[in-house]
Amino acid sequence: MTAHADREGRTDTPGRTDAPPSSERTGPAGTAGRTGVWFIGARGSVATTATAGCAAIAAGLHPPTGMVTETPPFADSGLPALTSLVFGGHDTLDCPSAKRAEALADGGVLPHGLPSAVRAELDAADAEIRPGGPLPGDSRTDRELIAAFTADLTDFADRHDLARTVVLNVASTEPAPGPGDPRLPASSLYAAAALRAGCAYANFTPSTGLRTPALTDAVAASGLPHAGRDGKTGQTLLRSVLAPMFLQRALAVRAWSGSNLLGGGDGAALADPAAAAAKNAGKERVLADTFGTAPEGEVHIDDVPAMGDWKTAWDHVAFDGFLGSRMILQTIWQGCDSALAAPLVLDLARLLARAHEVGIGGPLPELGFYFKDPDGGAPAALAEQYATLLAFAERLRGRA
C-alpha cells in the first residue's frame, strides 16, 4: 500500500461543490448500470489483488472464496455484478499495476499465471489511476488538492457513464494528526473529495478519513453512505470471535497480549510508532467493547521485510477458570493480508453501491462485520455483526 508525505500550511475547512451526486447520474437502475470502484492506494497490494481477483472471478478462472456477498444470503439483494465494476484510483507510486501483480504472484499472493491471464483488466485499471498527493514539494493547499481529487472522480464517472462510484481507502496507515496540525491528513483530503463528487466511501485503513471535525458538517450534509475504519482481516477477526466466548462462559480474562510480524508496505509504514499506534487502537477496541474495559496487555508490531506480504500474528490470553485456576490460550494466525482484504473490499464496494442506489445514507454500522473500528451502534462480536449484515442484505433485497 502507498504512504504519503507530511504536509505543512493551512487551508479553510472544505465544503461541498455543486457536482451532482453519482446517484443522480444517468444509468440503468439495479445491477444493469456500471459501478466505479476508486481505490486510494490503487497500485498497492490490496487494490491490485482485488482488481486481479475480480477479473479472475468474473472470467470464471477462480471461485469467489472469501467474498461474503457471493454467498446465498446475498443472491437477491440487488448488488452490482462483478462484471459491472470499473476500477480506477489515486496513488503516489508509478509502478504499473501489471508489474505489481507479477511481484505478488512471485511472492505467492496471486496464483502463478494470473497476472498474464488478466493483463488487459489490470492495464485498463492502471490507465484510470491518477497522481495522488501531496508529494514532497507539492505547494497546493488542502482546498486545491481536494478540488483536483474531486475532478479526477467526476471525470472518471463521466467518461465511463457510471451509475455511481464507491471510494475505498486501502492506502498505507498514516499517523493520527496532532491536535495543532494545521493541515488535513491525506486520507481526509481524499475523503473530502469523495463527498464532493457524491461518492459512497469506506475507510479500510486506521487513518483518519472522514473522522475529523473539519468534515463533520460535510459528511452530515452529503447524506452519502459511508462505513467504518480499519478492515478486520486476521488477528482482530479472531479476537472478535474469542472475546465473546470468554464473556459468555464467565471466564475472567486477566491479560491479552499480542504480537505481529509483517513485511511489505504495511510493515514499512507501521515501523513508524505513530502509525503503529493508530493501527493498534482498532485492535484494542474489540476487547474494550466486549468486556467493557480493555484487559491488561499490548499489541506489538515488528517490520520484517523478508516476510513480504505475509504476516504472523500471535496472541497470548491469560484467564481465570473455576476456583481461580490459572489458564492460558495462545493463538497463531499466519496469512496474507492482501488476499484476506481483497474480497472484503469488493464486498464493501458492492454493498455501498447498492445502499447508495436505494437511498440508504449516513454511517452504516450494519457493515461493522468488516471493520475493527465500525460505526457507532455496531455490536462487537463477529456472530452478532454477521447477523446484522444478513439483516442489511434483507433490507437491500426489500428495496429491489
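Residues numbered from 1 in each chain as written. Predicted model: local features only at pLDDT ≥ 70, side-chain atom pairs only at ≥ 80, totals over all residues. Heavy atoms only, no water.

Enquirer: Explain the confidence of the model for the chain to me, and be specific about the residues and the numbers.
Expert: Looking at the chain as a whole, the pLDDT averages 89, with 89% of positions reaching at least 70. Low pLDDT, under 50, characterises residues 1-31; the stretch is placed with 86 contacts to residues that sit more than four places away or in other chains. (pLDDT = per-residue confidence, 0-100. Contact = heavy atoms within 4.5 Å.)

Enquirer: Please set out unusual backbone geometry residue by residue, giving values where relevant.
Expert: P134 follows G133 through a cis peptide bond whose omega is 0°. Position of P134 among the secondary structure elements: in the loop between β3 (129-131) and α5 (142-159). A positive phi angle, close to 50°, is found at D161, a residue other than glycine. Note on placement: D161 falls in the loop between α5 and β4 (164-169). You can call D161 partly exposed: its relative accessible area is 49%. Phi at L323 is positive, roughly 60°, even though this residue is not glycine. Residue placement: L323 occurs in the loop between β9 (310-320) and β10 (326-336). With a relative accessible area of 77%, L323 lands in the exposed category. (Helix = DSSP H or I, 4+ residues; strand = E, 2+ residues; numbered from the N terminus. Buried < 20%, exposed > 50% of the residue type's maximum accessible area, 1.4 Å probe, protein only.)

Enquirer: Quick one: what's the story with the sheet that holds strand β11 (residues 362-363), residue by residue and with numbers?
Expert: In sheet architecture, strand pairing relies on hydrogen bonds along the backbone and comes in two forms, parallel and antiparallel. Read across the sheet, seven strands follow the order β3-β2-β1-β4-β5-β6-β11 without closing on themselves; strand pairing throughout is parallel. Sheet topology places β3 and β11 at the edges, where each strand pairs with a single neighbour. Bridging between strand β1 (residues 35-40) and β4 involves six bridges; their strand directions are parallel. Bridging across to β4, T35 finds its partner in R164. The strands touched by helix α6 (residues 186-196) within the sheet are β1, β2 (85-91), β4 and β5 (200-203), with β5 carrying the most contacts at an inclination of about 160°. Along the sheet face, helix α11 (residues 337-357) touches β1, β2, β4, β5 and β6 (225-229) and points at about 140° away from the line of β4. (Pairing = 2+ DSSP bridges. Axes fitted to C-alpha atoms, helices over the stretch in contact; angles between N-to-C directions.)

Enquirer: Which residues make up helix α4 (residues 119-126), and what are the values?
Expert: Because the α-helix completes a turn every 3.6 residues, residues three or four places apart line up on one side. All of the buried residues along α4 are L122, A125 and D126. Within α4, the buried residues cover an arc of 100° as seen down the axis, which keeps them to one side. Where α4 is buried, its residues touch α1 (45-58), β2, α2 (97-106), α3 (114-117) and β3. (Arc of directions from axis to C-beta.)

Enquirer: Residue-level account of the pairing of β2, with values.
Expert: In terms of burial, β2 is largely enclosed, as seven of its seven residues are buried. Side-chain alternation along β2 places L85, F87, G89 and D91 on one buried face and V86, G88 and H90 on a second face that is also buried. Pairing geometry for β1 and β2, over six bridges, is parallel. What sits directly across from T35, in β2, is L85. Taking the sense of rotation as the criterion, the β-α-β connection linking β1, α1 and β2 turns out right-handed. Judged from the three bridges that link them, β2 and β3 form a sheet pairing that is parallel. Looking at the pairing, G89 lines up with I129 of β3. (Right-handed = clockwise from strand over helix to strand, strands pointing away.)

Enquirer: Lay out the packing of aromatic side chains with the relevant residues and their values.
Expert: The tally for this structure, following the rule as stated, stands at nine aromatic pairs. Judged by centre distance (6.4 Å) and plane angle (45°), the rings of W256 and F291 are tilted. Taken together, the residues W256 in strand β7 (residues 252-262) and F291 in helix α10 (residues 273-291) connect sequence positions 35 residues apart. Judged by relative accessible area, which is 2%, W256 ranks as buried. (Phe/Tyr/Trp six-rings, centres within 6.5 Å; stacked < 30°, edge-to-face > 60°.)

Enquirer: An account of helix α8 (residues 235-248) is needed here, citing residue identities and associated values.
Expert: Helix length check: α8, at 14 residues, gives a terminal C-alpha distance of 20 Å against a target of 20 Å (1.5 Å per residue), a fit within 8%. Q235, T236, R239, S240, L242, A243, P244 and F246 are the residues of α8 that are buried. Trailing α8 by a residue or two, A250 shows a phi angle of about 55°, which is positive. (Expected span 1.5 Å × (residues − 1).)

Enquirer: Residue-level account of the sheet that holds β9, with values.
Expert: Strands sit in the order β8-β7-β9-β10 across an open sheet of four strands; the sheet is mixed. On the outer flanks of this sheet lie β8 (299-303) and β10, each paired with one strand and no other. Looking at each pair of strands side by side, their axes are set apart by 10° on average, direction ignored. In this fold α8 packs onto β7, β8, β9 and β10, with an angle of close to 170° to the strand it touches most, β7. Sitting on the sheet, α11 is in contact with β9 and β10, with an inclination near 80° to β10.

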